[in-house]
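Analysis of the macromolecular model
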Amino acid sequence: MQSLENYKKEKLTIDIVWANVFSFILIIPTLLFLGVPYYFIWGHEVNIKELLENIGLQGITVKFLIFFFIFIFGIIIHELIHGITWARYTEKGFKSIKFGVMWKMLTPYCHCKEPLNVKQYIIGAIMPAIILGILPSIIAIITGHLGLIIFGIFFTISAAGDLLMINLIRKENMNDLVQDHSSEVGCYIYRKTI
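What counts and how
- By convention here, each chain's residues receive numbers from 1 onward along its written sequence.
- Thresholds applied to this predicted model are a pLDDT of at least 70 for local features of residues and 80 or more for the giving and counting of side-chain atom pairs; totals over whole chains, interfaces and linings are not thresholded and use all residues.
- Excluded from the side-chain calculations are hydrogens and water; all other atoms, namely the structure's heavy atoms, are used.
- Whether two aromatic rings pair depends on their centres lying within 6.5 Å, for rings of Phe, Tyr and Trp, where Trp uses its six-membered ring; planes under 30 degrees apart make the pair stacked, over 60 edge-to-face, and the rest tilted.
- In DSSP terms, a helix is any run of H or I states spanning at least four residues, a strand is any run of E spanning at least two, and both are numbered starting from the N terminus.
- Summary of the burial criterion: residues with accessible area below 20% of their type's maximum are buried, those above 50% are exposed, and those between are partly exposed, where the area comes from a 1.4 Å probe applied to protein chains only.
- Note on geometry: a ring has a charge over it if NZ (lysine) or CZ (arginine) is within 6 Å of the ring centre and within 35 degrees of the ring normal.
- Salt-bridge detection follows one rule: a side-chain nitrogen of Lys or Arg within 4 Å of a carboxyl oxygen of Asp or Glu.
- Being paired, for any two strands, means DSSP has found at least two bridges between them.

The next subject is the packing of aromatic side chains. Applying the stated criterion across every chain, the model contains 11 aromatic pairs. Taking 5.8 Å as the distance between ring centres and 35° as the angle between the ring planes, the aromatic pair formed by Phe-71 and Phe-155 counts as tilted. With a gap of 84 residues between them, Phe-71 in helix H2 (residues 48-87) and Phe-155 in helix H4 (residues 146-157) connect regions that are remote in the sequence. Phe-71 sits in the buried class, given a relative accessible area of 15%. Taken together, a centroid distance of 4.6 Å and an interplanar angle of 50° make the contact between Phe-151 and Phe-155 tilted. Here Phe-155 and Phe-151 lie together in helix H4, a separation of 4 residues that amounts to about one turn. Across the pair, exposure class does not vary: Phe-151 and Phe-155 are buried alike. Ring pairs connect the aromatic residues Phe-67, Phe-71, Phe-151, Phe-154 and Phe-155, which therefore count as one cluster. The ring of Tyr-188 has Lys-9 lying over it, and the distance from NZ or CZ to the ring centre is 4.2 Å. If you follow Arg-88 out to its NZ or CZ, it ends over the ring of Tyr-89, 5.7 Å from the centre.

Time to look at the pattern of salt bridges. Taken as a whole, this structure holds 2 salt bridges when the rule is applied. Among the ionic pairs, Arg-191 bridges to Glu-10, the shortest N-O distance being 2.4 Å. One end of the pair, Arg-191, is in strand S6 (residues 186-192); the other, Glu-10, is in strand S1 (residues 7-13), with 181 residues separating them in the sequence. On the basis of relative accessibility, which here comes to 34%, the residue Glu-10 falls in the partly exposed class. For Glu-172, the salt bridge goes to Arg-191, with nearest N and O atoms at 2.8 Å. One end of the pair, Glu-172, is in the loop between helix H5 (160-169) and strand S5 (177-180); the other, Arg-191, is in strand S6, with 19 residues separating them in the sequence.

Let us look at the sheet that holds S5. Within the open sheet, the 4 strands sit side by side as S1-S6-S5-S4. Their pairing is antiparallel. Of all the strands in the sheet, the pair left with one neighbour each is S1 and strand S4 (116-117). Relative to S5, S4 runs antiparallel, the two being bridged by 2 bridges. Bridge pairing in S5 places Asn-117 opposite Leu-177.

Next up, the structure:
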């Protein structure tokens, strides 16, 4: 692990209430940039009323359960993507990654125990939004897949906390170090003093 003796440490945190409000705010631009193009290209082929009538009540229950398990699986994969990406930059690899759940907020998390430089941290923070949100949405816009656009929009919005973390550190020197806070929504920034 890199020595931190020539660094000045500062705690940066995100207010959890603001994070929740930001998630709702993020719905609007996400729908504008991903949902609107999908609708203009494929909307004429999607008749929700007819779709629901053809499925029936039992089918709706089954579809809901399938979507529920897909989204739970997606949330686990979201955290795993953080871990895999950050582990590539650590000395101890996956041994430096910790997964858990903040039970008070029912929020799963991935925590990197080693400091990373700002650029590495940002790459690891943005990857789930790209892999689970943006890419599936682009594929859905190209192919017209309704389930995939719903999935992509959901996981783009689910990355709200990650986007707030990126915004928190984006103006820092890319070679300074960032370490996840172990119990709060935030991090420690280590700025080189010499």
